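Observations on the three-dimensional arrangement
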Amino acid sequence: MNIRTVPTLPIPGQKPGTSGLRARTRVFMQAGYLENFVQSIFDAIGGVAGRTLVLGGDGRHFCAQAAGIILRMAAAGGAARVIVGRDGLLSTPAASAVIRARGADGGIILSASHNPGGPDGDFGVKFNGANGGPAPESLTARIHAVSERIAAYRILDAPAPDLSRCGEIMLGAMTVEVIDPVAEHAALLERLFDFDAIRDLFASGFRMRFDAMHAVTGPYAREILVNRLGAPEDTVLNGAPLPDFGGGHPDPNPTHAAALTALMSGPDAPDFAAASDGDGDRIMILGRGIYVTPSDSLAVIAANADLAPGYADGIRGVARSMPTSRAADRVAQALGVPLHETPTGWKFFGSLLDAGKVTLCGEESAGAGSDHVREKDGLWAALMWLNILARRRVPVAQLMAEHWRRFGRDYFTRHDYEALDPAPARALIEDLRAALPDLPGRSAGGLRIEAADDFAYVDPVTGERAAAQGVRIFFADGARATLRLSGTGTVGATLRIYMERHEPDPARHGLDPQAALADVAAAVEALTGLRARTGRQGPDVRS
Ligand code: VG1
Ligand code: CO
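All of these numbers come straight from a predicted model, not from anything done at the bench.

This part takes up the site of ligand 1. Near ligand 1 there are 19 residues, and of these Thr18, Ser113, His114, Ser486 and Thr488 occur at the shortest range. Here an oxygen atom of ligand 1 and a side-chain polar atom of Ser113 are 2.6 Å apart. In this structure, an oxygen atom belonging to ligand 1 sits 2.9 Å away from a side-chain N or O atom of Asp277. Looking at the shell around ligand 1, its residues break down into no nonpolar, 10 polar and 9 charged.

What follows is the structure in structure tokens.
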């Protein structure tokens, strides 16, 4: 078969952000855009000749076409084998599991994760390495550098293979192996958790809702919760993956999963609910009448992980992204294990997991996971919660109250200002950075500032450095505010403001987090002039 070498010109802006390259779907569909980036990945990793790759995506618009193009490019590059999920589907954690289980050299995941999909939404491409984890910064920088001087890409002149049936297909000299997207991941999760105990829990009448938000997790949730754990059919909501996610925004937070959140605070609330994002690596956890912040979820998982068979010998350590609340730190301390604080994005956890320094990782954006894969894993977290509830047999609200009584409550909220004009948003952060040396000792909104810095990280395993990862302001009473710009958006700039305060007094554990942190928000306003500078009266999303 014919391999075509197609001349091309560099396309500006092919710089991976927090999690892969994201752009409007229509941009990705422009001639050469995807091809340039994929060729840049192949070149940056030293070519794909003789290699085995994994390929899959969250099923959003353009995924199927993109999979065909990537397969033809891999064949042109001389890849030996590409393992691809049926219909091109693989959740992000499942892709990680398959890369590891099959000893593949890496994988490409087609997703813009929590960003909306469809022709008017977003598309994205991530590259994961042989450990199953997101490319570290050193590699994404190399991919970007190649994209800036690319002159040609190579593609096989052949029709894209049919991915609708499992089995092996030859594409030129390359084998395309179409696999069940769920099987490997489900088998891995079944080894980690007490499925008998969870089956008993469902058999006892325990009710759950899992909102797949018409994204990739529907088939996973159905197979695991309904088929293997005996949950009733109506457990899985919005379970059919749709190319535009049914017009929804597959970001599981109280704003975008409003219907589920409302259900859980109403009279017909089931015992437990979870909602996942586009590519299945995030999960929102809800109990009857209670939203569990992702930061608290990580802490609860750390405190109770030994109830799950896969973690019965205890955990080696915990890592959390810097803006995630310090609730997990208190658990790590009580367990006598190390706590690592990393920049935002799962790529910073990989080296710690590979080196065996940590077992559990989590982020305030609803990602949690463990060393079973090298991605955050929504179904893993839901099953961990189910395993804990199956063993503890108490309502989620009671579990949280008991946790807070023991460790104190870390009130937490994140305020997002989306699609801001980029220049003033950057200026707001820059001005705050410039003011950092003068902040300690000053008061803002009635709170005294004790310390302030711009978070920098040195990876303890690889020695790689990451600077300017978020401005942190520490207040005298232990409260903290963090400000950073998002690295996953495609329109304008998104400003994220993370606020938290530890409350040891159980008599004060029932407050509304927005009220408990109102003075921290006022201090941020006083320090930044946020409203005037953004022209906004309040955040688009509170989570
Ligand atoms: C966001 C979250 C971060 C997460 C990243 C990818 O990044 O804050 O915690 O790892 O999305 O998640 P940012 O730069 O926009 O704040 V996913 O599930 O969208 O791949
Ligand atoms: Co995601």
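The next subject is the sheet that holds strand β16 (residues 339-342). An order of β16-β15-β17-β18 is seen for the 4 strands of this open sheet, with the pairing classed as mixed. Edge positions in the sheet fall to β16 and β18 (367-370), since each has one partner strand and no second. Across the sheet, the mean angle separating the axes of adjacent strands is 15 degrees when strand polarity is ignored. The pairing of strand β15 (residues 318-321) with strand β17 (residues 360-363) spans 3 bridges and is classified as parallel. If you follow Val318 over to β17, its bridge partner there is Leu360. Contacts between helix α10 (residues 294-304) and the sheet are confined to β15, β17 and β18, with β17 contributing the most and set at about 165 degrees to the helix.

The next thing to look at is the packing of helix α2 (residues 33-44) against helix α5 (residues 137-147). Packed helix pairs are characterised by how far apart their axes lie and by the angle those axes make with each other. Contact pair α2 / α5: the axes reach a minimum separation of 8 Å and the direction vectors enclose 120 degrees. As summarised for this structure, α2 and α5 are arranged oblique, according to the angle between their axes. The handedness of the crossing between α2 and α5 is right-handed. Each of Phe37, Ser40, Ile41, Asp43 and Ala44 in α2 lies in contact with α5, whose residues at this interface are Leu139, Arg142, Ile143, Val146 and Ser147. The class makeup of the residues in the contact of α2 with α5 is 6 nonpolar, 2 polar and 2 charged.

Glancing now at the environment of Ala76. Secondary-structure assignment places Ala76 in helix α3 (residues 63-76). Sequence-wise, Ala76 and Ile155 are 79 residues apart; in three dimensions their C-alpha atoms are separated by 5.1 Å. When residues no more than four places from it in sequence are discounted, the contact partners of Ala76 are Ile3, Arg154, Ile155 and Leu156.

Regular strands show a simple pattern: their side chains alternate between the two faces of the sheet. Along β15, one buried face is formed by Val318 and Arg320 and the opposite face, lined by Ala319 and Ser321, is buried too. Direction of pairing for β15 relative to β16: parallel, over a ladder of 4 bridges. Bridging across to β16, Val318 finds its partner in Leu339. On the question of chirality, the crossover connecting β15 to the parallel β16 by way of helix α11 (residues 327-335) is right-handed.

As a further point, take the domain arrangement of the chain. On domain assignment, one finds that the chain holds domain 1 (3-181), domain 2 (185-407) and domain 3 (409-542). A straight line from the C-alpha centre of domain 2 to that of domain 3 covers 26 Å. Listed as interface residues are 30 residues of domain 2 and, on the opposing side, 28 residues of domain 3. Taken over both partners, the interface formed by domain 2 and domain 3 buries close to 2,400 Å², and the fraction arising from carbon and sulfur atoms is 56%. Considering only the surface of domain 2 that becomes buried against domain 3, Met322, Arg326 and Trp404 emerge as the three largest contributors, covering 27% of it.

What follows deals with the coordination of the cobalt ion (ligand 2). The coordination sphere of the cobalt ion (ligand 2), as far as protein atoms go, consists of Ser113 (OG), Asp277 (OD), Asp279 (OD) and Asp281 (OD), spread over 1.9 to 2.1 Å. The exposure class of Asp279 is buried, given its relative accessible area of 1%.

Backbone geometry at Met213 places phi at a positive 55 degrees, although glycine is not the residue there. As for its placement among the helices and strands, Met213 is situated in the loop between β10 (208-211) and α8 (218-228). According to the relative accessible area criterion, Met213 is buried, its value standing at 10%. Despite not being glycine, Phe245 shows a phi value in the positive range, around 55 degrees. The topology assignment puts Phe245 in the loop between β11 (236-237) and α9 (258-265). Among the residues examined, Phe245 registers a relative accessible area of 2% and is labelled buried.

What follows is about the pattern of salt bridges. Counted by the stated rule, this structure contains 40 salt bridges. A salt bridge links Lys126 to Asp281; the nearest nitrogen and oxygen atoms lie 4.0 Å apart. Taken together, the residues Lys126 in strand β6 (residues 122-128) and Asp281 in the loop between β12 (272-276) and β13 (283-287) connect sequence positions 155 residues apart. Take Lys126 and Asp281: they sit in the same class, and that class is buried. Asp329 serves as the salt-bridge partner of Arg320, at 2.7 Å between the closest nitrogen and oxygen. With a relative accessible area of 2%, Arg320 lands in the buried category.

This brings us to the nonpolar core. Formed by 75 residues in total, the largest nonpolar core has its most connected members in Phe193, Phe210, Trp380, Leu383, Trp385 and Leu386. In terms of residue count, the dominant contributor to this core is helix α13 (residues 378-392) (11 residues). Residues lining this core come from more than one domain, with at least three contributed by each of domain 1 (3-181) and domain 2 (185-407). With sequence-adjacent residues up to four places away left out, Leu386 is seen in contact with Ile198, Leu201, Phe202, Phe206, Met208, Leu225 and Phe272. Listed in part, the 46 residues of the second largest apolar core include Cys63, Leu139, Leu163 and Met174.

Reading the values: the criteria
Residues numbered from 1 in each chain as written. Chains lettered and ligands numbered in written order. Predicted model: local features only at pLDDT ≥ 70, side-chain atom pairs only at ≥ 80, totals over all residues. Heavy atoms only, no water. Near = heavy atom within 4 Å. Polar contact = N/O pair within 3.5 Å; in protein donor to acceptor, adjacent residues only side chain to side chain. Nonpolar A, V, L, I, M, F, W, Y, C, P; charged D, E, K, R; others polar. Pairing = 2+ DSSP bridges. Helix = DSSP H or I, 4+ residues; strand = E, 2+ residues; numbered from the N terminus. Axes fitted to C-alpha atoms, helices over the stretch in contact; angles between N-to-C directions. Contact = heavy atoms within 4.5 Å. Parallel < 35°, antiparallel > 145°, perpendicular 65-115°, else oblique. Left-handed = near helix turned anticlockwise from the far one by under 90°. Buried < 20%, exposed > 50% of the residue type's maximum accessible area, 1.4 Å probe, protein only. Right-handed = clockwise from strand over helix to strand, strands pointing away. Domains from an automatic or database assignment. Buried area = accessible area lost by both parts, 1.4 Å probe. Donors = N, O, S within 2.8 Å, 3.2 Å for Na, K, Ca; no water. Salt bridge = Lys/Arg side-chain N within 4 Å of Asp/Glu carboxyl O. Core = buried A, V, L, I, M, F, W, Y, C linked by side-chain atoms within 4.5 Å.

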